[in-house]
Amino acid sequence: PTLGKESPTIKIDARVAGNTLEQFVIFFVATLALAAGAQGNAVKIIGAAAITFVLMRIAFWIGYRIKPVYRAFGFSSTAYMNLGLLVAAIWFGFA
């Protein structure tokens, strides 16, 4: 192995890690806001969202490693879920 050269797999893994960190920050803020505003059984949404987040990030990673265009499913699933959590946090916050 030569110094300074990274394999394409390492570059993909680094991009996945960076994107996952970005999505996690949004997810963390959204779930924290939702937890503050939700009451009763609505708090169960957070547990389901956490499981979904992990599964969709794994799907993103696997898809990206197969072919970059295949990352779309995992990325869009995570992004739309984060958007839904933010909307739910606003909804429960003003209800």
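Preceding block: the structure.
Rules and cut-offs
- The residue numbers shown here count from 1 along each chain, following its written sequence.
- Local features are withheld for residues below a pLDDT of 70 in this predicted model, meaning they are given only at 70 or higher, and side-chain atom pairs are given and counted only at 80 or more; totals for whole chains, interfaces and linings count all residues.
- Note that the side-chain values use all heavy atoms of the structure and ignore hydrogens as well as water.
- Buried Ala, Val, Leu, Ile, Met, Phe, Trp, Tyr and Cys residues form a nonpolar core when they are joined through side-chain atoms within 4.5 Å.
- The buried label applies to any residue whose accessible area, calculated with a 1.4 Å probe on protein chains only, is under 20% of its type's maximum; exposed applies above 50%, and partly exposed to all values in between.
- Under the scheme used here, helices are H or I runs from DSSP no shorter than 4 residues and strands are E runs no shorter than 2 residues, and both carry numbers assigned from the N terminus.
- Here, residues are in contact when the closest pair of their heavy atoms is within 4.5 Å.
- The pairing test for Phe, Tyr and Trp rings, Trp by its six-membered ring, is centres within 6.5 Å, and the orientation test on the planes gives stacked under 30 degrees, edge-to-face over 60, and tilted for anything in between.
- Charge over a ring is defined by NZ of Lys or CZ of Arg lying within 6 Å of the ring centre and within 35 degrees of the ring normal.

## Digging into the nonpolar core
- With 12 residues, the main nonpolar core is built from Phe27, Ala30, Leu34, Ala38, Ala42, Ile46, Ala49, Phe53, Met81, Leu85, Ala88 and Ala89.
- At the level of elements, α1 (8–37), α2 (44–66) and α3 (72–94) are the ones that each hand at least two residues to this core.
- With four residues, α3 is the single largest residue contributor to this core.
- Other than its neighbours up to four places away in sequence, Leu34 contacts Ile45, Ile46, Leu85, Ala88, Ala89 and Phe92.

## Looking at the packing of aromatic side chains
- This structure, assessed with the given rule, holds six aromatic pairs.
- Taken together, a centroid distance of 6.4 Å and an interplanar angle of 40° make the contact between Phe24 and Phe27 tilted. With Phe24 and Phe27 both in helix α1, this residue pair falls three residues apart, about one helical turn.
- Classification of Phe24 by relative accessible area gives partly exposed; the value is 37%.
- Ring geometry for Phe27 and Phe53: centres 4.6 Å apart, planes at 20°, overall stacked. Of this pair, Phe27 sits in helix α1 while Phe53 is found in helix α2, placing the two residues 26 residues apart along the sequence.
- Exposure remark for Phe53: the relative accessible area of 6% places this residue in the buried category.
- An aromatic cluster is defined as three or more aromatic residues linked by ring pairs; in this entry it consists of Phe24, Phe27, Phe28 and Phe53.
- Between Arg57 and the ring centre of Phe60, over which it is positioned, the NZ or CZ distance is 4.3 Å.
- Over the aromatic face of Tyr64 sits the side chain of Arg71, whose NZ or CZ is 4.8 Å from the ring centroid.

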